[in-house]
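Report on the structure
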Amino acid sequence: QVQLVESGGGLVQPGGSLRLSCAASGSIFSIVAMGWYRRAPGKQRELVARITSGGKTVYLDSVKGRFTISRDNAKNTVYLQMNSLKPEDTAVYYCNAGIVVVATPVDYWGQGTQVTISS
């Protein structure tokens, strides 16, 4: 059984910062890629940032220069440092990981953590 456990959400004022963490645990052979998605009220889920096992990153255009994704392969953990937060960043943020348990990667999801940007 594989689990992704997120932490770090909360309420901050515009311009503030938050750091999200997501730790994968269980019967993990390897992790191909890890990332963060978000779903704002009334909107579809969107990819925020993604990082491969080799460190290659992809970002949503609206967060480039403000958010930084990183990972600790030894700890099976991915982080999302979010700076200069805006009200439009308000959403539930979900951790995602492509994890190989036996042969091929399978997508796993965290439970979601609420991020609210408001004064």
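Attention in this report is confined to the structure presented alongside it. All figures in this text were calculated on a predicted structure; none of them were measured in a lab. (Residues numbered from 1 in each chain as written. Predicted model: local features only at pLDDT ≥ 70, side-chain atom pairs only at ≥ 80, totals over all residues. Heavy atoms only, no water.)

Quick notes on the packing of aromatic side chains
Inclusion rule: Each pair of aromatic rings taken from Phe, Tyr and Trp, with Trp reduced to its six-membered ring, is defined by centres within 6.5 Å and is described as stacked if the planes are under 30 degrees apart, edge-to-face if over 60, and tilted in the remaining cases. By definition, being over a ring means that NZ of Lys or CZ of Arg is both within 6 Å of the ring centre and within 35 degrees of the ring normal.
Considering all chains together, one arrives at 1 aromatic pair under this definition. The ring of Y79 carries the charged tip of R19 above its face, separated from the ring centre by 4.1 Å. A cation sits over an aromatic face here: R45 above Y37, 5.5 Å from the ring centre.

Observations concerning the sheet that holds strand β7 (residues 67-72)
Heads up, the condition is: Strands pair, by our definition, only if DSSP identifies at least two bridges between them. Only DSSP runs of H or I with at least four residues qualify as helices, and only runs of E with at least two residues qualify as strands; both kinds are numbered from the N terminus onward. Angles run from 0 to 180 degrees between N-to-C directions of axes, and those axes are lines fitted to C-alpha atoms, restricted for helices to the stretch in contact.
Read across the open sheet, the 4 strands follow the order β1-β3-β8-β7; overall the sheet is antiparallel. The sheet terminates laterally at β1 (2-7) and β7, the two strands that pair on one side only. The sheet shows a mean angle of 15 degrees between the axes of neighbouring strands, direction not considered. Taken together, the 6 bridges between strand β3 (residues 18-26) and strand β8 (residues 77-82) define a ladder with antiparallel strand orientation. Paired with C22 across the strands is V78, a residue of β8.

With respect to the side chain of R71
The cut-off we apply is this: Any residue under 20% of the maximum accessible area for its type is buried, any over 50% is exposed, and the rest in between are partly exposed; the area is computed with a 1.4 Å probe on protein chains only. A residue counts as positive if it is Lys or Arg and as negative if it is Asp or Glu; His and the chain ends are not included. For this document, the term salt bridge refers to a Lys or Arg side-chain nitrogen within 4 Å of an Asp or Glu carboxyl oxygen. Polar contacts, as counted here, are pairs of nitrogen or oxygen atoms within 3.5 Å of one another; within protein the pair requires one atom able to donate a hydrogen and one able to accept it, and residues that are adjacent in sequence qualify only if both atoms are side-chain atoms. By the convention used here, residues are in contact when the closest approach between their heavy atoms is within 4.5 Å.
Secondary-structure assignment places R71 in strand β7. One buried charged residue, R71, forms no salt bridge at all, with the nearest opposite charge on D72 at 8.2 Å. At 3.4 Å, the side chain of R71 and the backbone oxygen of I31 are in polar contact. Polar side-chain contacts of R71 include one of 2.6 Å to the side chain of N73. When sequence neighbours within four positions are dropped, the list of residues in contact with R71 reads I31, V32, A33, M34, I51, T52, S53, T77, V78 and Y79.

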